[in-house]
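Structural description and commentary
Each chain, written out:
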Amino acid sequence: MLQNIRVVLVNTSHPGNIGGAARAMKNMGLSRLVLVDPEVFPSEEAVARASGASDVLAAAQVVATLEEALAGCTVALGTSARDRQIPWPLLDPRESAAVCLEQAEAGGEVALVFGREYAGLTNDELQRCHYHVHIPSDPAFASLNLATAVQVLTYEVRMAWLAAQGRPTKMEKQEAAAEENGQPVTLDELESFYAHLEQTLVEVGFLDPERPRHLMARLRRLYGRSAISKLEMNILRGILTETQKAARGEPHKRRDR
Ligand code: SAH
């Protein structure tokens, strides 16, 4: 899924930032880097800053225009250090990661577009993007280093991707719903459970009927807190029945089979 997300750097001046962006991407599991008319590339400095991510640099695609970089994309998100530069659908990095994952899951191709160190993206470039993304930095000092901005966005993409990995399957959701929908027990069912519990505790010698010491009241308070379903009640009753059999030396359920 992460293969469907590309990072596009437009007209980058410092090769060190290209290397830093490559490293940030690889740390977050992204590998598709597209460079639009970089000032210096390939470069030793980029390789040095990429640290172990020189494979991302080596595979980087270099193109002349943003249009070429966006070829085949279904959604482009343009980042801007300035909040509401032009009126446009504006997302924060977390929201933009959700858009990226949704698109990628549906088989779409997504571009995260980053601008020049000194001038950002032009209005024309921003208008080629469906959404604008602003990292909510302090307005008094809003502009992040280019590679740092790449790190923030790719981190959010990774978090969204990780959450998607842990997402329960349809089957798990149905099973959980069936369990959750378990009917609550009625008061009389609860009463006969308490009677069964008390009888069992006496039989196993945990409760002395001569000196009950508020035990049943405390247990009622405990079970009363837990909104027991019918299914759970059946489990508890089953445990009590087996406990009684064990205390009486009767055959065990599993040994019965
Ligand atoms: N002076 C430029 C700053 C560009 S910073 C300007 O005002 O636009 C270089 C690139 O880093 C930006 O084009 C953008 O892609 C990214 N960037 C920096 N700070 C950002 C922020 N707060 N939100 C989103 N992207 C940011």
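Note that this is a predicted model, so its numbers are computed, not measured. (Residues numbered from 1 in each chain as written. Predicted model: local features only at pLDDT ≥ 70, side-chain atom pairs only at ≥ 80, totals over all residues. Heavy atoms only, no water.)

1. Structural notes on the domain arrangement of the protein
For the protein, the assigned domains are domain 1 (2-167) and domain 2 (180-248). Between domain 1 and domain 2, the C-alpha centre-to-centre distance is 59 Å. (Domains from an automatic or database assignment.)

2. A short note on a negative patch on the surface
A surface patch of like charges, here negative, comprises Glu172, Glu175, Glu179 and Glu232. It is helix α8 (residues 170-180) that provides the largest number of residues to the negative patch, a total of 3 residues. (Patch = residues over 30% accessible without salt bridge, like charges linked within 9 Å, V, L, I, M, F, W, Y side chains within 5 Å. Areas by Shrake-Rupley, 256 points an atom, 1.4 Å probe, with all protein chains shown as cover. Salt bridge = Lys/Arg side-chain N within 4 Å of Asp/Glu carboxyl O. Lys, Arg positive; Asp, Glu negative; His and termini not counted. Charge placed at Lys NZ, Arg CZ, Asp CG, Glu CD. Helix = DSSP H or I, 4+ residues; strand = E, 2+ residues; numbered from the N terminus.)

3. Quick look at the pattern of salt bridges
Tallying each qualifying case throughout the model produces 10 salt bridges. Across the pair Glu189 and Lys230 runs a salt bridge whose closest N-O atoms are separated by 3.0 Å. Of this pair, Glu189 sits in helix α9 (residues 187-203) while Lys230 sits in helix α11 (residues 230-248); the two residues are 41 residues apart in sequence, bridging distant segments of the chain. For Glu189, a relative accessible area of 27% translates into the label partly exposed. What makes Lys230 partly exposed here is its relative accessible area of 28%. In this structure, Lys245 engages Glu242 in a salt bridge whose closest nitrogen and oxygen atoms are separated by 3.3 Å. Note that Lys245 and Glu242 are positioned in helix α11 at a spacing of 3 residues, about one turn of the helix. In the salt-bridge network here, residues are joined through shared partners; they are Arg6, Arg32 and Glu109. (Buried < 20%, exposed > 50% of the residue type's maximum accessible area, 1.4 Å probe, protein only.)

4. Some remarks on helix α10 (residues 215-224)
An α-helical segment advances 3.6 residues per turn. Residues three or four places apart therefore align on the same side. Within α10 the residues assigned to the buried category are Leu215, Met216 and Leu219. End-on view of α10: buried residues confined to an arc of 90°, all on one side of the axis. Turned more than 90 degrees off the buried face of α10, the exposed positions are Arg221 and Gly224. Turning to α10, the residues buried within the fold contact α9. (Arc of directions from axis to C-beta. Contact = heavy atoms within 4.5 Å.)

5. Some points on the packing of helix α1 (residues 15-27) against helix α7 (residues 146-165)
Running from N to C, α1 and α7 point in directions that differ by 15°, and their axes come no closer than 8 Å. Classified by the angle between their axes, α1 and α7 sit roughly parallel to one another. As α1 packs across α7, the resulting crossing turns out to be right-handed. Judged by residue contacts, Asn17, Gly20, Ala21, Ala24, Met25 and Asn27 of α1 engage Leu146, Ala147, Val150, Gln151, Thr154 and Arg158 from α7. Considered class by class, the residues forming the contact of α1 with α7 number 6 nonpolar, 5 polar and 1 charged. (Axes fitted to C-alpha atoms, helices over the stretch in contact; angles between N-to-C directions. Parallel < 35°, antiparallel > 145°, perpendicular 65-115°, else oblique. Left-handed = near helix turned anticlockwise from the far one by under 90°. Nonpolar A, V, L, I, M, F, W, Y, C, P; charged D, E, K, R; others polar.)

6. Considering the UniProt feature "domain: tRNA/rRNA methyltransferase SpoU type" (unreviewed entry) in the protein
Annotation from UniProt places "domain: tRNA/rRNA methyltransferase SpoU type" (unreviewed entry) at residues 5-155. Measuring from the first to the last C-alpha atom of residues 5-155 gives 13 Å, for a span that is 37% helix and 19% strand. (UniProt positions renumbered as here; feature names shortened; annotations may be inferred.)

7. Here's the deal with the pairing of strand β4 (residues 75-79)
By the criterion of burial, β4 is predominantly enclosed, with 5 of the 5 residues buried. Side-chain alternation along β4 places Val75, Leu77 and Thr79 on one buried face and Ala76 and Gly78 on a second face that is also buried. Here β4 pairs with strand β7 (residues 131-133) via 3 bridges, running parallel. The residue bridging Leu77 from the neighbouring strand is Tyr131, located in β7. (Pairing = 2+ DSSP bridges.)

8. Considering a nonpolar patch on the surface
A cluster of nonpolar side chains, Tyr155, Met159 and Leu162, forms an exposed patch at the surface whose accessible area comes to about 270 Å². Within the secondary structure, Leu162 is located in helix α7. Given the relative accessible area of 42%, Leu162 is considered partly exposed.

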